[in-house]
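These are the residues of each chain, in order.
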Amino acid sequence: MTAALSGDRAMRTAQRRGAARRAGRDRQTPVTRSTLVADFLALCELDPAVDALRACQEPAGFLVGGEVIEHVPDFEVTRDGVATLVDIVPETDLARHPLRSTLVEGALSLDGHAFSIETAATIRAEPRFTTVRLISACRRTPVSAGDRVRILHQLDECGTMRLVDCASAAFNTSDGVAAVLALACEGLIVVDISRPILPETPVKRRKLPYQDPFGF
C-alpha cells in the first residue's frame, strides 16, 4: 500500500514537472507576426473606441535624427475620431525597427499622426487578451430571433447590465452567456474587455452605425 502511494505521488510529481516544462517552452516560443496581427485585429473588433481600421498603403514621413525616413505603417486605427498609425512588431524584430528610437518621446509623422508599435507584451496583456479570446470563442453560437430581441431590448431599457443578468433573457439558447457574447462579436453589444469574464462583467448596447428608422 505504501509503495503504491509512493508511486502515485512520484507520478503526480513527474506530471507537474512535465507541465511546468511545457509551459516554459510555450513562453519561450516566439510569437509570429501573423499571429500578433490576428490578435490585434480581434482586439480592435471588440474595442468600442475603435471607429475604423484600415491597412496602410502609402508611406508616412518621420523625422529621425534630423533625417526624414519614409515608412509604411501596418494600420491606421481611428479611435474616438483620432487616427493613429500602428505597426505590429514581434519582440525579436523590435531592435531592427527603423522608428524604434523615436518612441521614447512619442513618434509623430510629418502630417501630425501619432505612431505606436504594438508587440506581444501590449497585444497579449492580461486580462484583456484572455477576455477577447473567450468572447471570440462564442462567435458561432446560434442566437434565435427571440433571444436576440429580448437581450437587446433589455439593454435598451436598462442601459448597462451585469453579464449574468443580461444572459437571463436567453430562453432558446442553452448557454445564455455565450448568446450575449455572440452578439458582442456581431458588434451589437459592448463588453468591457479590460476586465475578466465574470458574472458582474458590465455589458451594454453598442451604438449602431445607422439610424433607427422608427426613432426608438
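Going by the structure above, here's the rest.
Fair warning: this is a prediction, and the values are worked out from it, not measured in the lab.

Q: Is there a simple way to explain the overall build of the chain in this structure?
A: On a plain count of helices and strands, the chain comes out with eight helices and 10 strands. In the chain, which comprises 216 residues, the share counted as buried stands at 37%. Long-range pairs, those at least 24 residues apart, make up 62% of the contacts in the chain between residues at least 6 apart in sequence. Entry remark: accessible area of the chain is about 13300 Å², with carbon and sulfur atoms responsible for 55%.

Q: Help me out: how do you make sense of the packing of helix α5 (residues 128–136) against helix α8 (residues 176–185) in this one?
A: Packed helix pairs are characterised by how far apart their axes lie and by the angle those axes make with each other. Where α5 meets α8, the closest approach of the two axes is 8 Å, and the angle between their N-to-C directions is 100 degrees. The angle between the axes of α5 and α8 places the two elements in the roughly perpendicular class. Touching L134, I135 and S136 of α5 are L181, A184 and C185, all from α8. Of the residues in the contact of α5 with α8, the class split is five nonpolar, one polar and no charged.

Rules behind the numbers
- Residues numbered from 1 in each chain as written.
- Predicted model: local features only at pLDDT ≥ 70, side-chain atom pairs only at ≥ 80, totals over all residues.
- Heavy atoms only, no water.
- Helix = DSSP H or I, 4+ residues; strand = E, 2+ residues; numbered from the N terminus.
- Buried < 20%, exposed > 50% of the residue type's maximum accessible area, 1.4 Å probe, protein only.
- Contact = heavy atoms within 4.5 Å.
- Areas by Shrake-Rupley, 256 points an atom, 1.4 Å probe, with all protein chains shown as cover.
- Axes fitted to C-alpha atoms, helices over the stretch in contact; angles between N-to-C directions.
- Parallel < 35°, antiparallel > 145°, perpendicular 65-115°, else oblique.
- Nonpolar A, V, L, I, M, F, W, Y, C, P; charged D, E, K, R; others polar.

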